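Structural overview for review
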Amino acid sequence: MPDPYLLTPGPLTTSATVKAAMLHDWGSRDAAFIAATASVRDRLVRLAGAEETHTCVLMQGSGTFVVEAMIGSLVPPSGTLLVLVNGAYGRRMVTIAERLGRAAAVLEWPEDKAVDAAAVATRLAGDPAISHVAVVQCETTSGLLNPLDDIAAVCAEQRRPLLIDAMSAFGALPLDARATPFMAVAASSNKCLEGVPGLGFAIVRCDALAAAAGNAPSLSLDLYDQWRGFEDNGQWRFTPPTHVLMALAQALDEHAAEGGTAGRGVRYRRNLDILVSGMAQLGFAPLLAPDLQAPIIVTFRMPTDPAFLFERFYAGLSQRGYVIYPGKLTVADSFRIGCIGRIGEAEMHGALAAIAEVMGELGVASGAPPRLEAAK
Ligand SMILES: *Cc1c(COP(=O)(O)O)cnc(C)c1O
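Side note on the packing of aromatic side chains
- On inspection of all chains with the given rule, the structure shows 14 aromatic pairs.
- Between Phe284 and Phe313, the ring centres sit 6.2 Å apart and the planes meet at 35°, which makes this aromatic pair tilted. Placement of Phe284 in the loop between helix H10 (260-281) and strand E11 (297-301) and of Phe313 in helix H11 (residues 310-319) is noted, with a sequence separation of 29 residues between them. Comparing Phe284 with Phe313, the two get one shared label, buried.

Written out as structure tokens, the structure reads:
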């Protein structure tokens, strides 16, 4: 059996060449590995247009580990973090701040609405205790793209440093430190960069990082100490994810060959268009208005047809080699299909054909959800 296509928010389908990059063993002090670490750090900073101002700190673990390291290291114990929440990943940052003993303030929107930069401006103007702001660029809970440029402009105007969770956007959606001011952005190896899971990274303003010594309440999730390690001898502080790093180096070569962030964004946008129009032909409707939909993952509202049983739908697709994802929404019953990873037109059409087949097998006539009026 070939590997299934992972139409999920991650881990994702990777290329054969990315997987093949892991077929060696490297010691942590191996010169080739140290050079690859430096090169990956350098290339990630450049992808964010941040080589003049920021540096990249790699961190072992999944994406959440580096978000936790970012908050714990950059928000000092005396600070207050305003988290802009319109989904589970924003809510997770609130939980992280609370666990770390940082004061957290919350501005919240429904999961199918974007963060409103004007409301952020009002809140910041009226609450001088807020020292930092955190936002998710693409809320993977729904697939919604937040207006990052507007939010960053408001934060800059109000002189509050911005921390961005760009986990599901970095490498596919534009982000340039010269145009969008931010203190730090966090992302991981296994989403739009199409590496394998196992490391995250934060791209942090050098002045902010230099001032962050002693902030982190954690030994391992300390961006400052981790950064000093890389700068002092080029090595990771603790056992590095050697294979993951070498796979990411290969994935970054492939990202550049595809035309970088712009090129990758074009492929994902095409995947999205094929998915949404093909699903519409089968009756399915996305949750989000098209102007809020990022080309990352699509939330579809659950059909009303009583023959549509999600577990059977999921299993039928999985048998045909396509893995989809349950919904994570509180506003509506839903499921999700991703359009990122090493997949293109052929795989999207293949997934749609499999969906039509499974609907036939289940006796589902249409994927139409309840009418919006009725759903309210
Ligand atoms: C995937 C993701 C994360 C990190 O999740 P992990 O499971 O820890 O890798 C964080 N934020 C967003 C927006 C994500 O999509």
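A look at the environment of Ala169
- Residue position: Ala169 is located in the loop between strand E8 (162-165) and strand E9 (184-188).
- In this structure the C-alpha to C-alpha distance between Ala169 and Pro370, which are 201 residues apart in sequence, comes to 30 Å.
- Once residues within four sequence positions are removed from consideration, Ala169 is found in contact with Gln137, Cys138 and Cys192.

Here we look at the site of the ligand
- With respect to spatial proximity, the complete set of residues near the ligand consists of Ser62, Gly63, Thr64, Tyr89, Arg92, Val136, Cys138, Thr140, Asp165, Met167, Ser168 and Lys191.
- One nitrogen or oxygen atom from the side chain of Thr64 is found 2.5 Å from an oxygen atom belonging to the ligand.
- Side-chain polar atom of Asp165 to a nitrogen atom of the ligand: 2.6 Å apart, as the coordinates give it.
- Look at the ligand: alone it shows 380 Å² of surface, and the protein chains cover 85% of it.
- Every element with two or more residues in the shell around the ligand is listed here: helix H3 (63-74) and helix H4 (88-99).

Description of the side chain of Asn190
- Tracing the sequence through the fold places Asn190 in the loop between E9 and strand E10 (199-205).
- In this structure Asn190 comes out as buried when scored by relative accessible area, which is 8%.
- Contacts of Asn190, omitting those with residues within four sequence positions, involve Gly10, Pro11, Leu12, Gly195, Val196 and Pro197.

Quick look at the pattern of salt bridges
- The full count for this structure, using the stated rule, is 20 salt bridges.
- Arg264 is the partner of Glu194 in a salt bridge, and the nearest nitrogen-oxygen pair spans 3.6 Å. Taken together, the positions of Glu194 in the loop between E9 and E10 and Arg264 in helix H10 put the pair 70 residues apart, joining distant regions of the chain.
- For Arg264, a relative accessible area of 1% puts it in the buried group.
- Put simply, Glu194, Glu258, Arg264, Arg267 and Arg342 are held in one network by salt bridges that share partners.

Notes on unusual backbone geometry
- The omega torsion of the bond from Gly10 to Pro11 falls at -5°, within 30 degrees of zero and hence cis.
- In this fold, Pro11 is placed in the loop between strand E1 (5-6) and helix H1 (16-20).

Quick look at the domain arrangement of the protein
- One can read the domain layout of the protein as domain 1 (16-257) and domain 2 (260-375).
- A separation of 29 Å is found between the C-alpha centroids of domain 1 and domain 2.
- Taken together, the contact between domain 1 and domain 2 spans 25 residues of the former and 23 residues of the latter.
- Summed over both sides, the interface of domain 1 with domain 2 buries roughly 2000 Å², with 57% coming from carbon and sulfur.
- It is Glu111, Asp112 and Glu194 that lose the most area in domain 1 upon contact with domain 2, and together they represent 26% of the buried surface on that side.

Things to note about H4
- Look at H4: 16 Å from first C-alpha to last across twelve residues, which is about the 16 Å you get at 1.5 Å a residue.
- When H4 is considered as a whole, its buried residues turn out to be Ala88, Tyr89, Gly90, Met93, Val94, Ile96 and Ala97.
- Looking at the buried positions of H4, the neighbouring elements they touch are H3, strand E3 (80-85), strand E4 (103-108), strand E5 (132-136), strand E6 (138-139) and E8.
- Looking at the residues trailing H4, positive phi occurs at Gly101, about 80°.

What to know about H3
- With twelve residues, H3 ought to run about 16 Å at 1.5 Å a step, and its terminal C-alpha atoms sit 17 Å apart, in line with that.
- What H3 keeps buried is the set Gly63, Val66, Val67, Ala69, Met70, Ile71, Gly72, Ser73 and Leu74.

Thoughts on the packing of helix H2 (residues 31-47) against helix H9 (residues 242-257)
- Packing of H2 against H9 brings their axes to within 10 Å, and their N-to-C directions diverge by 45°. With respect to each other, H2 and H9 are oriented oblique. The interaxial crossing formed by H2 with H9 has left-handed handedness. Along its contact with H2, which presents Ala32, Phe33, Ala36, Thr37, Val40, Arg43, Leu44 and Leu47, the element H9 presents Thr242, Leu245, Met246, Leu248, Ala249, Leu252, Asp253 and His255.
- By residue class, the composition of the contact of H2 with H9 is eleven nonpolar, three polar and two charged.

Looking at the sheet that holds E5
- If you trace the seven strands from one edge of the open sheet to the other, you get E2-E10-E9-E8-E5-E3-E4, paired in mixed fashion. Two strands in the sheet have a free side with no partner beyond their single neighbour: strand E2 (54-60) and E4. Recorded for the sheet is a direction-independent mean angle of 20° between the axes of neighbouring strands.
- The pairing of E3 with E4 spans six bridges and is classified as parallel. Across the sheet, Val85 pairs through a bridge with Glu108, a residue of E4.
- This element, H2, spans E2 and E10 of the sheet and lies at about 125° to E2.

Procedures and definitions
Residues numbered from 1 in each chain as written. Predicted model: local features only at pLDDT ≥ 70, side-chain atom pairs only at ≥ 80, totals over all residues. Heavy atoms only, no water. Phe/Tyr/Trp six-rings, centres within 6.5 Å; stacked < 30°, edge-to-face > 60°. Helix = DSSP H or I, 4+ residues; strand = E, 2+ residues; numbered from the N terminus. Buried < 20%, exposed > 50% of the residue type's maximum accessible area, 1.4 Å probe, protein only. Contact = heavy atoms within 4.5 Å. Near = heavy atom within 4 Å. Polar contact = N/O pair within 3.5 Å; in protein donor to acceptor, adjacent residues only side chain to side chain. Areas by Shrake-Rupley, 256 points an atom, 1.4 Å probe, with all protein chains shown as cover. Salt bridge = Lys/Arg side-chain N within 4 Å of Asp/Glu carboxyl O. Domains from an automatic or database assignment. Buried area = accessible area lost by both parts, 1.4 Å probe. Expected span 1.5 Å × (residues − 1). Axes fitted to C-alpha atoms, helices over the stretch in contact; angles between N-to-C directions. Parallel < 35°, antiparallel > 145°, perpendicular 65-115°, else oblique. Left-handed = near helix turned anticlockwise from the far one by under 90°. Nonpolar A, V, L, I, M, F, W, Y, C, P; charged D, E, K, R; others polar. Pairing = 2+ DSSP bridges.

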